[in-house]
Structures are given as C-alpha cells and as structure tokens.
Amino acid sequence: MKRSIMKFVLLLVCLTGVSLAYSQENFVSGSIIKLNGDTVKGYVDYRNWEKNPNKIKFKEGENSKIMEYNPLQIGAFVVSDEIYKSAIVKVDQSNSGNEISSTPVFEFRTDTTFVLTLIQGSKNLYYYADKNNQSNFYIYNNSKFELLEFKKFNRIHESEDLFDAYKGHLVQEMNNRYIGQLKLYFQNCNIPESMYQNLSYTKESIQKIYKYYYSHMKNENVIIRKTDKAKLEFGVLGGLCTTKIKFTNNLPSEYIVFDYLAKVNFDAHLSLAAGAYLNVVFPWNNGKWSLYNELLINSYAFHGFYSNFTNSTYYQNKTYNLEYYYINMNNMIRFKYPVGKVYLYVNTGISNGFAFKEVNHAIVETRLTSEPKMTEEKAIEDTRKYEQGFLLGLGLLYKKYSVEFRYEGGNGILQLTHLSSSTYRYNVLLGYRF
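Residues numbered from 1 in each chain as written. Predicted model: local features only at pLDDT ≥ 70, side-chain atom pairs only at ≥ 80, totals over all residues. Heavy atoms only, no water.

Asker: I keep staring at helix 4 (residues 203–215) and nothing clicks. Help me out?
Answerer: Helical geometry: 3.6 residues make up each α-helical turn, so side chains three or four residues apart lie on a common side. When the terminal C-alpha atoms of helix 4 are compared, their 18 Å separation across 13 residues agrees well with the 18 Å that a helix rising 1.5 Å per residue should span. For helix 4, the complete set of buried residues consists of S205, I206, Q207, I209, Y210, Y213 and Y214. Contact partners of the buried residues in helix 4: strand 7 (108–120), strand 8 (125–129), strand 9 (135–141), helix 2 (177–185), helix 3 (193–197) and strand 13 (223–224). (Helix = DSSP H or I, 4+ residues; strand = E, 2+ residues; numbered from the N terminus. Expected span 1.5 Å × (residues − 1). Buried < 20%, exposed > 50% of the residue type's maximum accessible area, 1.4 Å probe, protein only. Contact = heavy atoms within 4.5 Å.)

Rendered as structure tokens:
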C-alpha cells in the first residue's frame, strides 16, 4: 500500500511538472499603447500578477509572432480590465531586507516598471508591488509619478516615567508622510479630517479619499478599478469509490491476543459516492489557487471469514459483516494550471468522516465437544464513528465539468492498544459546476 501511495504522489509531481513546463502562456484579449499614442489590439500574456511586471508578451493575432515589450518600449497596455502604464518610479528600499529599519529616513531607489491604474480621472492613483512584494502607491502630479511615502521603522522607547512598562523596549512606529501629500493633492476639496485620521496605507483605505472626492465632482469621467475578491464556485459531484480495510496487531508475537480481525483478508468494496462542493478561488495568480471544500457521502461493506481449526470436533469459525455509511467533510488546497483548453489540477488536504449508520456483526460457530453451537455477537467491541484521513487528488477541468482521481488514507474504525485499523479509498469523481 505504501508503494501505491508513492506511485500516486510521483504521478502528481510528474504531471504537474509537465504542465508547468509546456503551458507557460495565457494569452487573452488586450492591447498595447505605443509611445506615439497609437493603440494596437491583440493578445497579452496575462498572469494576474502579484508583483507588477517589468516586461510583457504580446501578439497581434492568434498565430502572430510573439513580441516582448518593456516599459521603455511602450506607453501602456490593457488586459482583463486592467490598465498598466509605463513608469519610472521612486521606491523606498530601507525595509527591503528581513529587518525593519531603525530610522524614519527614506532610502530611495529608482525602478522602471508598469504601474497598475487603480483610479483614472482628474485625480489618479497607481499601484506598484515591487520585487520585494512591497506595496507602493503613486499620484500623478506635475507630469510625473509621485510616490506616496510611507515607512515602518523600529526605535527604542524612551521615557522619564520609572513605571513605564515599555521603557527601553523596541517599538514600531510609522512615517506617514503620504497623509500630508494627499492633503496637498486634494487641497481644493473639503475632505473631512476624520478620513485622514483613519487612513491606512492600503488600496481600500486610500481609495476612500478618491471616492469621496469624485462623489462631489459633477460630470467627472472616472474609472475606478474594482478590488479583487475571492470567487465562490458551487457544484455537485458523484462517482465510484473502492475501499480497502486493514486491521493490524500492534503487540509482539509472544503476547497471546485473540485478534482474529488482523488475520482476516477483507476484499476491497466498490460503492457509489455523491456530494456537493464549495470552492473558494483566491483572486491572485490568475485564480490558480483555491480552498476546495466538499460534503461527500460514501459507504463500504466488508464480509470476511476466519477459522481457528484444530480438528473436526474442536474449532471455531467467525463470519464478519461490517458496514459503514459516512458523510465526509473534505477540505483541500487546490492548484490548477491551464493545459490548452482544459485545466490540470492537484488537491491535497484532510478528511473528517462521520458514520451515521453502522452494521457491526459476527456469526460465530463453535464446536468444543459434540454439536456445533451458533451464536451472534459484535464483530468489534469498541468502534469509533469519527474517522480522519489525508487526501491526494489529480483532476481535469473543462468548462463546467471536472473529473478527478483521488486517494484517501484514513485511520479506520478503531484504535486499541493491541489492534488498529486503516482504510484506503480510491475515488473516481465526476463534477459539475453551476
């Protein structure tokens, strides 16, 4: 069974590697604006960038030659309702390392990049996530991009109060110069002081200043980029499930334990599985990552036989009947990647199963002297109805349809000092997204 798991993991790694090696492009409709102001429509290799790109790939037609452009070669590009403008910008690099600076003084460098337009109108706002994934916001002032300056720094807290608990400790403070810059930028608009007092260096917070400004401007042509939010996907799924159960004796052989279950070979059981899912698709990285959650109903039924035979007049036979019906809550991290017109995806996560129906039965035939005696009893005295497991899955998505091959390893229906159980499931699941 361990070899099967390793083969399955190796298959996931290989197929994921192949998809990453041969499917690195994602051309969607877009356009570039040349330095002379001309617009060329075509296709942009769109990546839903977490960090702003410093170059892009573009082609005019589906079969045209792919061209690569940097910010010095074009004025802007538009793709997926996003406007990126070429810019030479100032960036604070004093906190670019792992340690936070100990001074409020800025240390600037110059980057050449594409900045994302958050708000476009008479008052503009731009965003740049640099190579260190540091957020930078810019206004367009006096025909140039002006950095809204913000910096976190550490300092030693000094106090004359002998009972000050923070005296001599390292405390974090902020240089909020950007607030003064925004006040100057919007000096002709009566922005309430309370909005500046509650202002933080985030997209949502800074955009509130702009929205207030434009709400008081009549006939103003403004474009406000919507904030990326997680996307919810609902669907149903169903398929086949093959389950294998194994009981293991945990004590050394010199201990006499009547663990007949460990000596029984239960055949794998094929059953149906069905359920529903909710997939939370994260907005970054072109929606490749998501948190996949599902409720799945499945079952298994095992029938086994064990014989402790000495001779024809002294033996004991046991016939086991184990049936369990589960509702499983599965939670997984999913990564998907485009391969042509389909998506290849992998899942990994945990499963929590709750047995809502149990059949735990054994028929015992015992012969010690003359006539055999038939009795009925529980197959297992102490069972649990809560099972945990781990999940690995590989699947394909095409439009609203999916197919997945999934492996699940669980801790079974009991855990005793001398005897434990494990379950192994292989699922083939078909899904439909509404």
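Asker: When you look at helix 2 in this model, what are you seeing that I'm missing?
Answerer: Looking only at helix 2, the buried set comprises Y178, I179, Q181, L182 and Y185. One side of helix 2 holds all its buried residues, which, seen down the axis, span an arc of 160°. (Arc of directions from axis to C-beta.)

Asker: Would you mind showing me how to read the environment of T202 here?
Answerer: For T202, the location among the structural elements is in the loop between helix 3 and helix 4. Expressed as a C-alpha distance, the spacing of T202 and S135, which sit 67 residues apart in the sequence, is 8.1 Å. Looking at T202, its side chain comes within polar contact range of the main-chain nitrogen of S205, at 3.3 Å. (Polar contact = N/O pair within 3.5 Å; in protein donor to acceptor, adjacent residues only side chain to side chain.)

Asker: Looking at this structure, I do not really get the pattern of salt bridges. What am I missing?
Answerer: Once their charged atoms are close, side chains differing in charge can pair, the charge on each being opposite to the other. For the structure shown, the criterion picks out 15 salt bridges. A salt bridge links K183 to E193, with the shortest nitrogen-to-oxygen separation between them at 3.0 Å. Of this pair, K183 sits in helix 2 while E193 sits in helix 3; the two residues are ten residues apart in sequence, bridging distant segments of the chain. When its relative accessible area of 33% is taken as the criterion, K183 is described as partly exposed. Overall, E193 belongs to the partly exposed group, its relative accessible area being 42%. The residue R425 makes a salt bridge to E408 at a minimum N-O spacing of 3.2 Å. With R425 in strand 22 (residues 419–433) and E408 in strand 21 (residues 401–410), this residue pair connects regions lying 17 residues apart in the sequence. E408 sits in the buried class, given a relative accessible area of 4%. Within this structure, E294, R334, E404 and R406 form a network of salt bridges that share partners. (Salt bridge = Lys/Arg side-chain N within 4 Å of Asp/Glu carboxyl O.)

Asker: What is the right way to look at the pairing of strand 20 (residues 386–398) in this model?
Answerer: Every regular strand shows the same layout, with side chains that alternate between the two sheet faces. Bridge count between strand 18 (residues 342–367) and strand 20: twelve bridges; the pairing is antiparallel. Across the sheet, residue I350 finds its bridge partner in strand 20, namely F390. Across ten bridges, strand 20 lies against strand 21 in antiparallel orientation. Counterpart to L392 in the pairing with strand 21 is Y407. The loop that links strand 20 with its antiparallel partner strand 21 comprises two residues; one of these, K399, has a positive phi angle of about 55°. (Pairing = 2+ DSSP bridges.)

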